[in-house]
Structure formats: C-alpha cells, structure tokens
Amino acid sequence: MTWFGKVAGQAVASGSGWGSVRRVMVEFFGAVLGFPAGLFSFMLLVVIGYWVFVILGAVDTDLLDTDVDTGTGGFGAFFPGIGLGGVPVTVVLSLLIAVAWFASLVGTVLIDSLGVDSTPLLIALGLLVLAAAVIVAWAFTSGVVMGLRRFLPNQRGSSRKDFVGQTCIVRTGRVDREFGQAEITSADGSSAIIQVRQTGDEDLTSGSTALIFDYDAEGEFFWVTAFDAALDPGLS
C-alpha cells in the first residue's frame, strides 16, 4: 500500500470521514506542485505522455537521436561524460526525471513534517532537497545504465566498429589527449558528432580531416590521426 493509501485508510478508520481524506489529497497535490517537486512534475507528465505514444507506435525510442554512446546531439555529447552513455537518450532522460521527481517529493514531505515557518529556511531546505534529488537520480540511473549495457554488448560494439577506419571532420578548435569533437557522415547520409582524441601533437583544428583508427570503450571516445588524402589508395 502506498503512503497516500495508508494515510487515507487511517483517516477513514479513525472516523474522521472523507473530509480528512480530502485534506490528505490536498496536501499530497500541494507537495507534488510545490517546490522542489513541482520542477519535475511537468517533465514527468511529458515523459509519461512520450512513453504512451511509444506504446501506441506513434513515435520511436530514438526520438532524440538514439544512441548517447556515439555522441549524437546535445544530450548525446553530454551524457557519456557523466557515466550515462551506451543507451538511448530517451531512456536516460526518463529515468533521471522519474527518480528525481520521486526523491524530491519524499524530501518535500519530510520538510513539511518539520513544521518550519521561516520562509528563508524553507527555501534553503528546498534547494538542499533539489540538489539531493538530482544526485540520487544520477546515481540510480547510472546503475541502471550499467546493467543495460550488459544486455546490449553486440549492438553497441558493432555500431562503434562501423566508425573505425572512416574519416571525420574536426568541429572543435583543437584535438588532444583530453578534448575534441568531430563530425562523421554515415553511408546513409546521416551525420553524428563524436568524441575524439589523438595520441600525438598533430595540428588538428576545426575543419581538419582526421582518420579514426581505434575506439576507447572505457572513455567512450575515438582515437584519430591526421588524414592525408594523397595517401588514400582509393583516391589514386
């Protein structure tokens, strides 16, 4: 039985009637729409609506450019850096929002139980709950993503190997051992932004053509080197 169900059941059993149940409902929705849980409530509705459309077949799970593992799109370039690469962006976002909403709701209920009347203190506690909710959401989602990767080894491995041996265009001001992004175009004409690194000190700047020669699974980036078109036998 849920927290709300227990409270409602106790209210009826105590003879306080539906007035108490209604009061509990008002308090529950007040917590859902209040700070900080309210920040995630609207996003959770969007997530629920999205998955309803997925079930109905109206949209695909790759709506946000699918694989964060390849660095496609804004989210795809960000998530691998915080340990959330390797699964579709929509799955990662859904988990983050759902867990953050639940954690912030629990925190809001705990704050209300303290009976604090000071507005500055309530705001400070709300910000603390917000930060804690984000951390909890990241930790939980990271664990789930690590588990999901074990069920998708072949799919992820083959998609990465497809890029090795191809050329890409550098899209950042530099490429070194710690930083770099490049754009690669697939055979079907679609393009993706990938994380790239180099082992040497070659002058790879924005617009340079580089050759992908390996993939680092742990760091989730590609090793590249400068590409000389004159050495390409296919262009001879």
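Notes on the structure follow. In every chain, residue numbers begin from 1 and rise along the written sequence. Only residues with pLDDT of 70 or above have their local features reported here, since the model is predicted, and side-chain atom pairs are shown and tallied only from 80 upward, although totals for entire chains, interfaces and linings are computed over all residues. In computing side-chain properties, one takes all heavy atoms of the structure into account and sets aside hydrogens as well as water.

## Section: the sheet that holds strand 5 (residues 221-226)
For the record, the criterion: At least two DSSP bridges between two strands are required for those strands to pair. Each helix corresponds to a stretch of at least 4 residues labelled H or I by DSSP, and each strand to a stretch of at least 2 residues labelled E; elements are numbered beginning at the N terminus. Angles shown run from 0 to 180 degrees and are taken between the N-to-C directions of axes, each axis being a line fitted to C-alpha atoms and, for helices, limited to the stretch in contact.
In space, the five strands of this closed barrel follow the order 1-2-3-5-4, with mixed pairing throughout. On average, each strand axis in the sheet is inclined to that of its neighbour by 55°, with strand direction left out of account. As defined by bridge partners, strand 4 (residues 209-216) adjoins strand 5 across six bridges and the pair is classed as antiparallel. Residue pairing across strands places isoleucine 212 opposite valine 224, the latter belonging to strand 5.

## Re unusual backbone geometry
If you check the backbone angles, glutamate 220 has positive phi at about 55° while not being a glycine. When you line up the elements, glutamate 220 lands in the loop between strand 4 and strand 5.

## Remarks on the packing of aromatic side chains
Quick note on the threshold: Aromatic pairing here means that ring centres of Phe, Tyr or Trp (its six-membered ring) are within 6.5 Å. Orientation follows from the plane angle: under 30 degrees is stacked, over 60 is edge-to-face, and everything else is tilted. Definition used: whenever NZ (Lys) or CZ (Arg) falls within 6 Å of the ring centre and also within 35 degrees of the ring normal, the charge is taken to sit over that ring.
This model, assessed by the stated rule, comprises four aromatic pairs. What links up through ring pairs into an aromatic cluster is the set Phe163, Tyr215 and Phe222. In this structure, arginine 197 is placed above the aromatic ring of phenylalanine 221, and the distance from its NZ or CZ to the ring centre is 5.1 Å.

## Thoughts on helix 5 (residues 89-114)
Put simply, the test is: Expected span of a helix: the number of residues minus one, times 1.5 Å.
In this model, helix 5 (26 residues) spans 38 Å end to end at C-alpha, consistent with the 38 Å of a helix rising 1.5 Å per residue. Once helix 5 finishes, glycine 115 follows within two positions and takes phi at roughly 70°, a positive value.

## Details of the pattern of salt bridges
Condition: Any carboxyl oxygen of Asp or Glu that lies within 4 Å of a side-chain nitrogen of Lys or Arg is treated as forming a salt bridge with it. Summary of the burial criterion: residues with accessible area below 20% of their type's maximum are buried, those above 50% are exposed, and those between are partly exposed, where the area comes from a 1.4 Å probe applied to protein chains only.
A complete count under the given rule lists two salt bridges for this structure. Salt-bridge contacts for arginine 171 lead to glutamate 183; the nearest nitrogen and oxygen are separated by 2.9 Å. Here arginine 171, found in the loop between strand 1 (167-170) and strand 2 (181-185), pairs with glutamate 183, found in strand 2; they are 12 residues apart in sequence, far enough to count as distant. On the accessibility criterion, arginine 171 (44% relative accessible area) is partly exposed.

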